[in-house]
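Observations on chain architecture
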Amino acid sequence: MSLSCTRLLLSRPGRLCILFTFMLLLYLFYLGVSWSVEVQAFGEESTAIRTGINTTRAKEVLSSLCDAYNRNEVSGDACHRLCFNQDWTVADFYEGNKVVVVIKDGGQQAVFKSLHPSIEDYEAPPEGEKEELFLRRIRDKTDDELMLGWPTDLIDHLLSILWPSHLRSGGQQLSAADRRSLWALMQQPEYLTFRILPLSRVTPKVIGSCGHMYEVESLVAFRMKGYYMNLKGKILVHLMGTLKLFYEFLNEPLQWCDVRFDNLGLSAEYPKRFVMMDGDLLFTESKLKALMTAKSCKTDADCAIGDCTSRCQADFKCSPRNNENLDVFCEKLINKLFGNAWSKSNKYLNACHDTVTNTTTKLNDLRLTWSWTLSDV
């Protein structure tokens, strides 16, 4: 037996197998080191409990949700874990344009989000509606929000994405608690964006949900600091990796209208790019066009949606977007890093400072550069 193993290892296939295994281990080591370097460079994930937060209010929000779960009024794949032991350690809490509760969970952080604090703040689904009609309503709501033209014959697949418990249950009919919870989630654009657009690789993963609240992966928040200026080259690569993915998403380029450093985070899953911390103003191209062209206006200022601008036309209706993700990335992120210090040899910086070449040509040049320098993004 020992002799057979030795012969196998010394044979050509054996040597190739050993080489392949070595290369695989080397690649996995590289990925681990790469992520470690990024975290060390841009700041480690904060696991400390932030002072001055209203922990009483945070626990009220969670207790109300768990009470509804215990009454079988809501459901979700994160409910049992969230509500089994309600002795929560609240690490952070925010209540404003949305509610965000961060709790410590087994040495890690669990981030729960919702547009409103209570399930009662959401419209309830129609009672007694046939499941077929309810699922069609789900499909219509998704299509209205993202405008991806989801096929009617793939409604079951859509449901498995939006409500993974359905797939795990073997396709059983949704309960009243399931419908109440899912319909509340459907009324939150960010939930739909994060659930439906993971292929974009610029949105955080949704880990689960409970009632109207959904849990997203905990990201390493990027906050621009003075000493990061020594890491400008690395940050530029991450910004360009993110921009590349916006333009490459299927045939619907993503439009980001809330461009700022505070809205960027790092995920262990995705090297060489940032991930959106907040998806409220992240749209598909068709959705943003529909929003803008539906607006009435008197001046161009009436047409803007965050950083996305358009023109007020002669019929007092807004045009589609007239600036690009590239324009806003340059203005609000890259130029703040590099100012007027740039070189034509740097294709990324040249795209921001070249005032002669039109945007289409600049984007084509960037795509060529991305194919060489960011092929792994």
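See above for the structure.
All of the points below concern the structure found in this document.

So, how was this worked out
For every chain, the first residue of its written sequence is number 1, and the numbers climb from 1 along that sequence. Residue-level local features of this predicted model are given only where pLDDT is at least 70; pairs of side-chain atoms are given and counted only at 80 or more, and the full residue set underlies all totals for whole chains, interfaces and linings. As a convention, hydrogens and water are excluded, and side-chain values are obtained from all of the structure's heavy atoms. To define a nonpolar core, start from buried Ala, Val, Leu, Ile, Met, Phe, Trp, Tyr and Cys residues and group those joined through side-chain atoms within 4.5 Å. A 1.4 Å probe rolled over the protein chains alone gives each residue an accessible area, and that area as a share of the maximum for its type sets the label: buried under 20%, exposed over 50%, partly exposed in between. Only heavy atoms enter the contact rule, under which two residues are in contact if any of them lie within 4.5 Å. Throughout, disulfides are identified as pairs of cysteine sulfur atoms within 2.5 Å of each other. Each helix is a run of H or I in the DSSP string that is no shorter than four residues. Each strand is a run of E no shorter than two, and both are numbered from the N terminus. Strand pairing requires that DSSP identify at least two bridges connecting the strands. Throughout, an axis means a line fitted to C-alpha atoms (over the contacting stretch in the case of helices), and angles, computed between N-to-C directions, take values from 0 to 180 degrees.

Moving on to the nonpolar core. Membership of the largest hydrophobic core comes to 65 residues, with the highest contact counts inside it found for L162, L182, L239 and M240. Beyond its immediate stretch of four places on either side in the chain, L182 contacts F134, I138, L159, L162, W163 and L174. Counting residues in hydrophobic clusters, the runner-up holds 25 residues, among them C66, A78, A110 and Y122.

Attention shifts here to the state of the cysteines. The final tally for this structure, using the stated rule, is 6 disulfides. Each disulfide pairs two cysteine sulfurs, and for C257 the partner residue is C308, the sulfurs being separated by 2.0 Å. Because the torsion about its S-S bond is -95°, the bridge between C257 and C308 counts as left-handed. Pair noted here: C257 is in the loop between β7 (254–256) and β8 (264–267) and C308 is in the loop between α11 (285–293) and α12 (325–338), with a separation of 51 residues, a long-range link. Judged on exposure class, the residue C257 and its partner C308 are both buried.

Before going further, it helps to spend a moment on the side chain of H166. Secondary-structure assignment places H166 in helix α7 (residues 165–168). Accessibility expressed as a relative area gives 9% for H166, which makes it buried. When sequence neighbours within four positions are dropped, the list of residues in contact with H166 reads L159, G171, Q172 and L174.

Our focus in this paragraph is unusual backbone geometry. Residues other than glycine seldom take positive phi values, yet M147 does so here, at roughly 55°. Residue placement: M147 occurs in the loop between α5 (131–146) and α6 (155–162). Although it is not a glycine, R201 adopts a positive phi angle of roughly 60°. With respect to the helices and strands, the residue R201 is situated in the loop between α9 (189–196) and β4 (206–210). With a relative accessible area of 31%, R201 lands in the partly exposed category.

This part takes up the sheet that holds strand β2 (residues 99–105). Judged by pairing direction, the sheet is antiparallel, and its 5 strands sit side by side in the order β1-β2-β3-β5-β4 without closing on themselves. The two strands at the open ends of the sheet, each matched to only one other strand, are β1 (90–95) and β4. Ignoring strand direction, the axes of neighbouring strands in this sheet form an average angle of 20°. As paired strands, β2 and strand β3 (residues 108–114) are joined by 7 bridges and run antiparallel to one another.

What follows deals with the environment of Q86. Relative to the helices and strands, Q86 resides in the loop between α4 (79–83) and β1. The class for Q86 is partly exposed, based on a relative accessible area of 31%. Placed 24 residues apart in sequence, Q86 and L62 show a C-alpha to C-alpha distance of 8.5 Å. Residues in contact with Q86, not counting those within four places in the same chain, are S63, C66 and N70.

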